Amino acid sequence: MKLTPSLLILLLAGAAQCYRGRNGLPEDVAPPMPEAPGATVTGSASACPKATKFGAGPPASCTGPTDPNKKPASALEKWFTKDMFYDLFPFANIGWGPNKCFPYSYEAFLIAARYFTDFGTVSPNTVYTADQNKKRDLAAFFAHAVQETGENNADLYAQFTGQQAANCFYRGGFYNWFEGGPVSSFMDKSSPGYMPADGDNCSVGGRYCAQSAELNYFFGCSNATGAKAGTYKGCYFGRGAIQISYNYNYGMFENWLKSQGIIVDLLANPNLVMTKMDPPLAIMASLWFYMTPQPPKPAMHDIVMGTWKSGPQNSAAGYSGPIFGPTSLIINNECNGEDASNPGGPGESRRIKAFKWFCQYFSVPAGSDNTLTCKTMPIKFDMLRQYQSYQPDWSSTWKEQPCACAPAEYGGMISYFDPNFYPAQFVKLNAANKVACENSLYANPSMYSLDVKTSPCLNHPRK
């Protein structure tokens with residue numbers, strides 16, 4: 001999962017409940033096999049062969065996921081049950097299934113959802129019913145999880161035909177924890193990814209450290225070495241449900257957590273995304289990515305809900321309103337369309353097929369085939385004219401007055417949310433982001449190529 005860097009501050013919490021246990025969370029007991037909304041077509045997990053398991057499995061007991069903020073229940077808990085989660089993800093956690101002692105569990109999913117109140121709960125368009133909009137939101141998130149961390153066992157199509165093969169294949173989401181699977185080339189062979197803690201160290205290939213003067217200031221990588229020669233602690237390869245990756249993503253997620261009162265140093269300890277349980281971060285990091293716009297890209301959630309602004313040329317081509325296709329452009333710049341064969345190849349094709357299957361499971365429409373892909377989208381996000389970030393106001397840096405920042409039509413570390421493109425909840429962050437930009441001018445002017453000789457504004461601190 002890749003994202004252009006920007007400094008963000010965002011989003012809040014949820015409401016409602018079902019299957020309550022201690023601390024307001026469901027107990028970790030295997031539920032009875034559910035009756036899914038699309039059960040007559042999508043069957044159930046009991047009809048699928050067991051997945052390959054790696055490692056010794058979860059511990060016999062653990063504290064399990066908790067929420068230090070004790071966010072109220074989300075409204076999606078009224079309809080998305082523990083039964084459904086177990087039926088949809090029977091092979092999660094490298095084959096052992098949902099478990100509160102491992103990163104992927106219904107409990108962890110609920111805690112993550114409570115921090116994003118709109119996820120699976122809102123219906124801001126009239127193209128679909130309220131019930132359809134809520135379920136399509138989850139279908140989109142789960143579809144990307146299948147591509148990013150699914151078992152993706154193509155052999156199922158040799159064992160079964162047609163619908164039955166699909167029913168087992170697309171139940172493979174939340175399988176992997178780390179980029180490269182349970183035997184990741186980024187890890188030492190003695191700790192290959194059979195336990196969440198195995199991601200603490202990596203080889204040089206797993207560093208994923210993007211660097212520039214600005215990146216080093218805002219999201220500098222840890223250079224701490226690992227326990228063995230040639231290994232590192234600052235490893236920013238993909239982790240979690242839809243694979244948060246690169247130092248700037250870990251840093252931005254860290255900033256968002258801080259805005260929620262959760263202090264965790266992910267740049268120094270990126271594997272906390274997989275091991276931290278108070279609150280659990282493996283699903284939360286991915287949901288943050290799904291719900292968060294990154295200019296010039298809107299949030300994937302906003303595309304699925306139809307609240308994004310696509311521009312006149314895209315709208316004329318049908319790329320507006322509540323659709324799925326452009327979400328693949330956001331997560332990994334994939335616009336190759338859907339393969340004719342099954343299961344087909346990875347990338348956008350798998351995301352499309354998975355979205356269609358999850359929509360089938362929830363008995364909701366997937367939408368027009370044309371807009372399930374971004375292949376024919378005329379103007380991609382990086383070509384849309386919009387202000388994207390706060391930068392030094394170059395029209396005034398030479399003046400004898402305090403330095404200022406202004407919106408710019410190119411990307412940077414500190415986002416500007418153009419009111420012509422983004423929902424009001426993000427636009428209201430602009431004032432704080434402007435201040436953050438101006439503070440950075442004085443704290444580290446050289447990263448903007450400013451100095452007191454060429455930029456007299458630096459001699460006039462802001463009050």
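Here is what the cut-offs are and how they apply
- Residues numbered from 1 in each chain as written.
- Predicted model: local features only at pLDDT ≥ 70, side-chain atom pairs only at ≥ 80, totals over all residues.
- Heavy atoms only, no water.
- Helix = DSSP H or I, 4+ residues; strand = E, 2+ residues; numbered from the N terminus.
- Buried < 20%, exposed > 50% of the residue type's maximum accessible area, 1.4 Å probe, protein only.
- Contact = heavy atoms within 4.5 Å.
- Areas by Shrake-Rupley, 256 points an atom, 1.4 Å probe, with all protein chains shown as cover.
- Lys, Arg positive; Asp, Glu negative; His and termini not counted.
- Charge placed at Lys NZ, Arg CZ, Asp CG, Glu CD.
- Salt bridge = Lys/Arg side-chain N within 4 Å of Asp/Glu carboxyl O.
- Axes fitted to C-alpha atoms, helices over the stretch in contact; angles between N-to-C directions.
- Parallel < 35°, antiparallel > 145°, perpendicular 65-115°, else oblique.
- Nonpolar A, V, L, I, M, F, W, Y, C, P; charged D, E, K, R; others polar.
- Phe/Tyr/Trp six-rings, centres within 6.5 Å; stacked < 30°, edge-to-face > 60°.
- Patch = residues over 30% accessible without salt bridge, like charges linked within 9 Å, V, L, I, M, F, W, Y side chains within 5 Å.

The chain appears in an unreviewed UniProt entry as Glycoside hydrolase family 19 catalytic domain-containing protein from Pristionchus entomophagus.

Peer 1: For this particular structure, what's the right way to read the overall build of the chain?
Peer 2: When its secondary structure is counted, the chain shows 16 helices and two strands. Dimensions along the principal axes, computed over C-alpha positions, put the chain at roughly 75 × 55 × 40 Å. Sorting the 463 residues of the chain into buried and exposed places 59% on the buried side. Within the chain, contacts between residues separated by at least 24 positions form 72% of all contacts whose residues are at least 6 apart in sequence. Working note: accessible area of the chain is about 17800 Å², and carbon and sulfur atoms make up 53% of it. In the chain, 37 positive and 35 negative side-chain charges are present, and the distance between their average locations comes to 2 Å.

Peer 1: How should the pattern of salt bridges be read in this particular structure?
Peer 2: A side chain of one charge can pair with a side chain of the opposite charge if their charged atoms are brought near each other. Taken as a whole, this structure holds 13 salt bridges when the rule is applied. Residue Glu338 is joined to Lys353 by a salt bridge in which the shortest nitrogen-to-oxygen separation is 3.2 Å. Within this pair, whereas Glu338 is found in the loop between α13 (326–332) and α14 (348–362), its partner Lys353 is found in helix α14, the two being separated by 15 residues in sequence. For Glu338, a relative accessible area of 35% gives the class partly exposed. Since its relative accessible area comes to 7%, Lys353 is described here as buried. Linking Glu409 and Arg385 is a salt bridge whose minimum nitrogen-to-oxygen distance equals 3.1 Å. Within this pair, whereas Glu409 is found in the loop between β2 (405–408) and α15 (424–427), its partner Arg385 is found in the loop between α14 and β1 (389–392), the two being separated by 24 residues in sequence. Overall, Glu409 belongs to the partly exposed group, its relative accessible area being 38%. On the basis of relative accessibility, which here comes to 64%, the residue Arg385 falls in the exposed class. A network of salt bridges, in which partner residues are shared, links Glu148, Glu334 and Arg351.

Peer 1: What should I look at first to understand the packing of helix α6 (residues 162–169) against α14 in this one?
Peer 2: When two helices pack together, their arrangement is given by the angle between the helix axes and by the axis-to-axis distance. Packing of α6 against α14 leaves a shortest axis separation of 11 Å and a crossing angle of 100°. On the basis of the axis angle, α6 is roughly perpendicular to α14. For the pair formed by α6 and α14, the contact residues are Gln163, Ala166, Asn167 and Phe169 on the first element and Arg350, Trp357 and Gln360 on the second. Here the residues of the contact of α6 with α14 are counted per class, giving three nonpolar, three polar and one charged.

Peer 1: Looking at this model, I keep getting lost on the packing of aromatic side chains. Mind explaining?
Peer 2: Any aromatic ring pair is given by two values, namely how distant the centres are and how the planes are angled relative to each other. One pass over the full model with this rule turns up 50 aromatic pairs. Each ring, one from Phe89 and one from Phe142, has its centre 4.9 Å from the other, and the planes form 80°; the classification is edge-to-face. Residue Phe89 is located in the loop between α2 (82–88) and α3 (106–114), and its partner Phe142 is located in helix α4 (residues 130–149); the two are separated by 53 residues in the primary sequence. Comparing Phe89 with Phe142, the two get one shared label, buried. Between the aromatic rings of Tyr115 and Trp256, the centroid separation amounts to 6.0 Å while the plane-to-plane angle is 70°, which identifies the pairing as edge-to-face. On the criterion of sequence distance, the pair formed by Tyr115 in the loop between α3 and α4 and Trp256 in helix α8 (residues 247–259) is long-range, its members being 141 residues apart. Per residue, the accessibility class of Tyr115 equals that of Trp256, and both read buried.

Peer 1: Can you walk me through a nonpolar patch on the surface in this structure?
Peer 2: Taken together, the side chains of Val183, Tyr194 and Met195 make up a nonpolar region of the molecular surface, amounting to roughly 240 Å² of accessible area. Assignment of secondary structure puts Met195 in the loop between α6 and α7 (213–219). Residue Met195 is classed as partly exposed on the basis of its relative accessible area of 33%.

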